[in-house]
Amino acid sequence: MRTLFHAAALFLAAGLAVAPAFAADGEQLYKFYCAQCHGLQGKGDGPNVVKDFPVDPRNFTRADEMNKLSDADIRNVILDGGPVANKSPMMPPWGKTLAKDEVDALVKHLRVLCKCKGKS
Amino acid sequence: MRRTTTLWMTAGALALASGAAWADAAAGAKVFQAKKCTDCHYTDGPAREKSLADQLAKKGPELWYAGSKFQKDWLGKWLQDPNPIRPLKYNSLTEKNTGGHPKLAGAEAADVTEFLMSRTSPLVKGGEIKPKTNPKGRLVFTKNMPCSGCHQFPGQKFTGGMNGPSLAKAGERLNPDWIFAYLKDTKTFKPVRQMPVFAGVLNEQDMKAVAEYVATFK
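Heads up: these notes are all about the structure in this document. Not measured: the values here are computed from a predicted model. (Residues numbered from 1 in each chain as written. Chains lettered and ligands numbered in written order. Predicted model: local features only at pLDDT ≥ 70, side-chain atom pairs only at ≥ 80, totals over all residues.)

Looking now at the environment of Lys 130 of chain B. All names here are of chain B. With respect to the helices and strands, the residue Lys 130 is situated in the loop between helix H6 (106-117) and helix H7 (135-144). Take Lys 130: there are 11 C-beta atoms within 10 Å of it, and that puts it in the exposed class. Spatially, the C-alpha atom of Lys 130 lies 6.4 Å from that of Pro 176, the residues being 46 residues apart in sequence. When near neighbours in sequence (up to four residues on either side) are disregarded, Lys 130 contacts Pro 176 and Glu 212. (Helix = DSSP H or I, 4+ residues; strand = E, 2+ residues; numbered from the N terminus. Buried ≥ 20, exposed ≤ 12 C-beta atoms within 10 Å, placed from the backbone. Contact = placed C-beta atoms within 7 Å.)

Below, the structure is given as structure tokens:
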């Protein structure tokens with residue numbers, strides 16, 4: 001019985017240790033979904049931004065600009081697209097694509113890129 | 001009897017002239033294996049990708065619904081002369097697609113075309129969407145939604161972004177019914193992709209209008 005208990009405890013501990021690996025990885029999500037327009041380093045220069053692209057995608061490394069936005073502002077634009085903040089419809093609505101924890105992870109990653117906390 | 005024989009001979013001559021009439025899906029499946037097409041493409045559904053890592057591990061697009069997606073004439077020609085469809089390499093944001101997809105000779109291309117055209121999805125209805133220049137589709141594609149941000153298209157000045165497959169000649173390549181089905185049921189065809197899900201953002205009428213509009217690109 002005691003062995004069984006230990007085995008169960010070990011199993012549980014292993015599970016807990018592994019758990020973070022299943023959490024949404026903001027950097028990986030960013031590179032897959034966002035970098036195509038915002039660039040791998042977040043400078044707004046992804047491969048879609050060709051000559052005559054109708055808008056300049058946001059440069060996430062500009063702390064001064066990113067500080068004007070709260071996390072909720074960023075989340076809303078990710079979910080509903082540019083027009084929700086009077087910005088370009090070239091920023092798509094990702095609300096039907098990404099799960100809530102993925103959007104949260106992306107917001108966190110943008111704060112890493114801007115090295116800023118944003119408006120509270 | 002004589003009339004029947006003549007009829008059969010005529011049919012045979014016509015088939016010989018067209019060449020493709022002898023193409024055989026089972027032979028095409030063997031060519032597909034032998035030429036190692038399976039290294040980059042899978043042809044049995046449903047979709048296998050469950051995570052970003054699954055998608056990033058793929059070397060080329062899935063073909064399990066190729067027969068619903070492509071136009072047969074286009075596919076037969078493309079397999080013999082495969083010009084890049086994507087401006088960038090598959091799953092890359094930094095490398096240009098310089099071509100180099102293996103080519104198939106005439107008879108093999110015809111067999112593989114038959115094989116791929118046999119890979120279909122019941123979600124794609126036949127003959128529902130016809131190519132049609134329409135203001136609503138154009139407005140959604142070029143202004144209201146960001147389609148042109150990733151897909152090349154026959155625009156006036158801005159001709160589209162680089163990361164998606166080019167749609168510049170989509171009217172020759174894609175089955176218009178598939179375009180609509182894909183917009184409506186994106187996740188079934190591609191559970192993990194860089195294109196947003198538009199179902200629930202656009203209504204069916206808008207999606208139909210976009211499919212009709214994209215099908216005119218030539």
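In this assembly, 20 residues from chain B lie in contact with 22 residues from chain A. Elements that contribute at least two residues to the side of chain B that touches chain A include exactly H7 and helix H8 (147-150) of chain B. In terms of residue class, the side of chain B that touches chain A is built from 12 nonpolar, 6 polar and 2 charged. (Nonpolar A, V, L, I, M, F, W, Y, C, P; charged D, E, K, R; others polar.)

On to unusual backbone geometry. Residue Pro 46 of chain B is bonded to the preceding Gly 45 of chain B through a cis peptide linkage, with omega at -5°. By the secondary structure assignment, Pro 46 of chain B is in the loop between helix H2 (25-34) and helix H3 (52-57). You will see that Asp 52 of chain A, though not glycine, has its phi angle at about 70°, which is positive. Along the chain, the position of Asp 52 of chain A falls in the loop between helix H2 (26-38) and helix H3 (63-66). The backbone phi angle of Asn 91 of chain B is positive, close to 60°, even though this residue is not glycine. Position of Asn 91 of chain B among the secondary structure elements: in the loop between helix H5 (72-80) and H6. Overall, the presence of 15 C-beta atoms within 10 Å leaves Asn 91 of chain B in the partly exposed class.

Before going further, it helps to examine the packing of helix H4 (residues 71-80) of chain A against helix H5 (residues 100-114) of chain A. Residues and elements named next belong to chain A. Their axes nearest at 10 Å, the elements H4 and H5 cross at an angle of 125°. It follows that H4 is oblique to H5 by the angle criterion. The interaxial crossing formed by H4 with H5 has right-handed handedness. Counting all contacts with H4, which are made through Asp 71, Ile 74, Arg 75, Ile 78 and Leu 79, the residues of H5 involved are Val 103, Leu 106, Val 107 and Leu 110. Here the contact of H4 with H5 is built from residues that sort into 7 nonpolar, no polar and 2 charged. (Axes fitted to C-alpha atoms, helices over the stretch in contact; angles between N-to-C directions. Parallel < 35°, antiparallel > 145°, perpendicular 65-115°, else oblique. Left-handed = near helix turned anticlockwise from the far one by under 90°.)

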